[in-house]
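Here is what each chain is made of, one letter per residue.
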Amino acid sequence: MNSMQRVKVSNALTMAPGQSVLIKGWVRTKRGNKNVAFVALNDGSSIKNIQIVFEASKFSEDDLKGVTTGASIGVYGELVASLGSGQSVEINATSMELYGTADPESYPLQKKGHSMEFLREIGHLRPRTNTFGAIFRIRHSMAFAIHKYFNDKGFYCLHTPIITASDAEGAGAMFQVTTLDLSNPPRREDGTVDYSEDFFGKSANLTVSGQLEGELGALALGEIYTFGPTFRAENSNTPRHLSEFWMIEPEKAFYEIKDNMDLAEDFIKYLVKYALDNCMDDLKFLNDMFDKELINRLMSVIEDDFVRLTYTEGVDILMKSGQKFEFPVSWGTDLQSEHERYLVEKHFLKPVILTDYPKEIKAFYMKQNDDGKTVRAMDILFPKIGEIIGGSQREESLEKLERRIDEMGMDRKTLWWYIETRKYGTVPHSGFGLGFERLLLFITGMTNIRDVIPFPRSPRNADF
Ligand code: 4AD
Ligand code: MG
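Since this is a predicted model, take the numbers as computed values, not measurements. (Residues numbered from 1 in each chain as written. Chains lettered and ligands numbered in written order. Predicted model: local features only at pLDDT ≥ 70, side-chain atom pairs only at ≥ 80, totals over all residues. Heavy atoms only, no water.)

S.K.: Quick one: what's the story with the overall build of the chain, residue by residue and with numbers?
M.R.: Scanning the chain from N- to C-terminus turns up twelve helices and 16 strands. On the principal axes, the C-alpha backbone points of the chain span a range of 85 × 55 × 45 Å. Counting over 464 residues, the chain shows a buried share of 50%. Of the contacts made within the chain by residues no fewer than 6 positions apart, 66% connect residues no fewer than 24 positions apart. As presented, the chain carries roughly 22400 Å² of accessible surface, and 51% of it is formed by carbon and sulfur atoms. Distance from the positive charge centre (55 side chains) to the negative charge centre (66 side chains) of the chain: 4 Å. (Helix = DSSP H or I, 4+ residues; strand = E, 2+ residues; numbered from the N terminus. Buried < 20%, exposed > 50% of the residue type's maximum accessible area, 1.4 Å probe, protein only. Contact = heavy atoms within 4.5 Å. Areas by Shrake-Rupley, 256 points an atom, 1.4 Å probe, with all protein chains shown as cover. Lys, Arg positive; Asp, Glu negative; His and termini not counted. Charge placed at Lys NZ, Arg CZ, Asp CG, Glu CD.)

S.K.: An account of the sheet that holds strand β10 (residues 223-231) is requested, with residue identities and associated values reported.
M.R.: Strand order in the open sheet formed by eight strands is β6-β10-β11-β16-β15-β14-β13-β12, with mixed pairing between adjacent strands. Bordering the open sheet on either side are β6 (156-157) and β12 (307-310), each of which pairs with just one other strand. Looking at chain direction, strand β15 (residues 386-393) and strand β16 (residues 429-435) are connected through five bridges and run antiparallel. When the sheet's bridge partners are listed, Gly 391 is paired in β16 with Phe 432. Its contacts with the sheet put helix α4 (residues 211-221) on β6, β10, β11 (244-253) and β16, and the angle it makes with β11 is roughly 30°. (Pairing = 2+ DSSP bridges. Axes fitted to C-alpha atoms, helices over the stretch in contact; angles between N-to-C directions.)

S.K.: Explain the nonpolar core to me, and be specific about the residues and the numbers.
M.R.: Met 142, Phe 267, Leu 283, Phe 382, Ile 388 and Ile 389 are the most contacted members of the largest nonpolar core, which totals 65 residues. Of the residues forming this core, the biggest block, eleven residues, is contributed by helix α5 (residues 257-278). Look past the residues within four positions of Phe 382 in its chain and what remains in contact with it is Ile 268, Val 301, Phe 306, Val 344, Pro 351, Ile 388 and Phe 442. Counting 30 residues, the second largest nonpolar core, distinct from the first, contains Phe 325, Leu 335, Val 352 and Met 366. (Core = buried A, V, L, I, M, F, W, Y, C linked by side-chain atoms within 4.5 Å.)

S.K.: Could you give an account of the sheet that holds strand β8 (residues 176-177), with specific residues and numbers?
M.R.: A sheet is described by the order of its strands in space; here three strands give the open sequence β7-β9-β8, paired in antiparallel fashion. A strand with exactly one partner marks an edge of an open sheet, and here the two such strands are β7 (163-164) and β8.

S.K.: Before we move on, could you go through unusual backbone geometry and cite the residues and values that matter?
M.R.: Here Phe 254, not a glycine, exhibits a phi torsion of approximately 60°, which is positive. For Phe 254, the position within the fold is in the loop between β11 and α5. Given a relative accessible area of 62%, Phe 254 falls into the exposed group. Phi is positive for Arg 460, which is not a glycine, with a value near 65°. Looking at where Arg 460 falls in the secondary structure, it is placed in the segment after α12 (436-444). A relative accessible area of 88% places Arg 460 in the exposed class.

S.K.: Break down the packing of aromatic side chains for me, with residues and values.
M.R.: Here the structure, examined in full by the defined rule, presents 21 aromatic pairs. Residues Tyr 149 and Phe 150 carry aromatic rings whose centres are separated by 5.2 Å and whose planes lie at 80° to one another, so their mutual orientation is edge-to-face. As far as the burial class goes, Tyr 149 and Phe 150 line up, both buried. When the centroid spacing of 5.1 Å and the interplanar angle of 75° are considered together, the rings of Phe 227 and Phe 436 count as edge-to-face. Pair noted here: Phe 227 is in strand β10 and Phe 436 is in helix α12, with a separation of 209 residues, a long-range link. In this pair, the class of Phe 227 matches that of Phe 436, namely buried. Clustering of aromatic rings is evident, with ring pairs tying together Tyr 149, Phe 150, Phe 155, Tyr 225, Phe 267, Tyr 270, Tyr 274 and Phe 432. Its end group placed over the ring of Trp 331, Lys 373 keeps NZ or CZ at 5.5 Å from the ring centre. The ring of Tyr 418 carries the charged tip of Arg 422 above its face, separated from the ring centre by 4.3 Å. (Phe/Tyr/Trp six-rings, centres within 6.5 Å; stacked < 30°, edge-to-face > 60°. Lys NZ or Arg CZ within 6 Å of the ring centre and 35° of its normal.)

S.K.: Explain the pattern of salt bridges residue by residue, including any values.
M.R.: Across all of its chains, the model carries 28 salt bridges by this definition. Lys 148 is paired through a salt bridge with Asp 152; the nearest N and O atoms lie 2.8 Å apart. Of the two residues, Lys 148 and Asp 152 both sit in helix α3 (residues 130-153), four residues apart, roughly one turn of that helix. Classification of Lys 148 by relative accessible area gives partly exposed; the value is 34%. Measuring nitrogen to oxygen at the nearest pair gives 2.8 Å for the salt bridge that ties Arg 341 to Glu 345. (Salt bridge = Lys/Arg side-chain N within 4 Å of Asp/Glu carboxyl O.)

S.K.: I'd like to hear about helix α9 (residues 337-348), residue by residue, with values.
M.R.: In a regular helix each residue adds 1.5 Å, so twelve residues correspond to 16 Å; α9 covers 15 Å between its end C-alpha atoms and thus fits that length. Taken together, the buried residues of α9 touch α8 (311-320), β13 (352-358), β14 (374-382) and β15. Once α9 ends, the next one or two residues include Leu 349, with phi positive near 60°. (Expected span 1.5 Å × (residues − 1).)

S.K.: Could you give an account of the side chain of Glu 395, with specific residues and numbers?
M.R.: With respect to the element layout, Glu 395 can be found in the loop between β15 and α10 (398-407). The buried charged residue Glu 395 lacks any salt bridge, with Lys 367 as its nearest oppositely charged partner at 4.3 Å. The residues touching Glu 395, leaving out its near neighbours within four places in the chain, are Tyr 365, Met 366, Lys 367, Gln 368, Lys 400, Leu 401 and Arg 422.

S.K.: Break down the pairing of β12 for me, citing the residues and quoting the values.
M.R.: Only one face of β12 is buried, namely the one carrying Val 307 and Leu 309, since none of Arg 308 and Thr 310 on the opposite face is buried. Across four bridges, the pairing between β12 and β13 is parallel. Bridge pairing in β13 places Arg 308 opposite Ile 353.

As far as function goes, none of this settles anything; it's purely spatial.
Shown next as structure tokens:
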């Protein structure tokens, strides 16, 4: 048996009857009587299981004792046409190897229909469920599609650092990275911690965004994108925030805000279409089990143009809506998820791109408009999600950038390298960041962001 090539379940299910195959995987269910046992085996290659038939003439009850839900086995046998519905072939087993048992008394995935909350507590085993198998296969497909999209368009993948000394968003919600002894750090005369003695000779943190370094790449290679983990130490315990999430950040030279919006809209539509074209089995499962509107919603996003309007127009609609919001809205306030979702789900009934936000609520690097009040920002708002993309045209004028950094009380010295790109060969350029898990919330129809990343990190939670 060991000399044979293992066949994945997804492949076996497409093969013609009559061939012999070796299959390996985990038992999902076992049923039967004293003449025959039917085992549904899954190996992660598909949402579908393959049925294995163990005849009593070839396998004693004792042989099959350890073959229970969760056990891992290898089975050699012949593919035969299946009479059962939903599959064309099953395997008539001739030999079997039991790799690992799973005690029915303690294996937690016995019954179906566990709550998502319970499954989060068993993050080490939840990938073995149908739901998480589907989600993580889709996650893989989307990661692949992202690289394909940009590669096909001539963008270069740029690996930006995970440890940095700058706060790209100026929001201050950063995780510190240090090797100092926290119980007794070196101190300066004034009592503050002396980071010159720390590992990097200065205070360092985990990146909140690869954008600033991405801009350096774009201002040399023309068009780049990053795809990496980012970290935010904000204490937001919501179904849409993670402390560690993945972000895709394209950055392009000679691009203005309109080009940026066109790219972002095309990019998201490409990804949704890629999922519909390549992940239909898994999407159908999620559609049937969780959200009967999922596939319709995905299709409608591809068909419609996104609505484009300014922040000012958006706030106007919200104020005239007569809707009672938990957080009242007026010009100058940052939009909450409830406001974003009102515009998308109640007013326009399609994705919305909001532009030209007040400069006070946006980051220092955004291009300033002539009105002196707004910046050339663009957020894309999605049904069920709210903000899925945040981006902008960047301030390319040295003078205006420096003035804004000063106004915001930031330190020009730590950003000297970023500022120099405006001193030498500056060009109009733009980019955006897509939150990978927010995209996956939309594609899978899941309602909690902790369920679209294998091992979520959120306040007070770093298990597994
Ligand atoms: O709007 P954000 O903060 O923008 C940036 O970081 C820019 N540097 C992007 C750029 O222009 N290159 O974050 C971008 C996206 C958001 O729209 C959202 O989808 C996601 O990242 N995001 C989060 N996802 C999960 N958990 C969090 N805590 C997130 N914060 C932002
Ligand atoms: Mg944002």
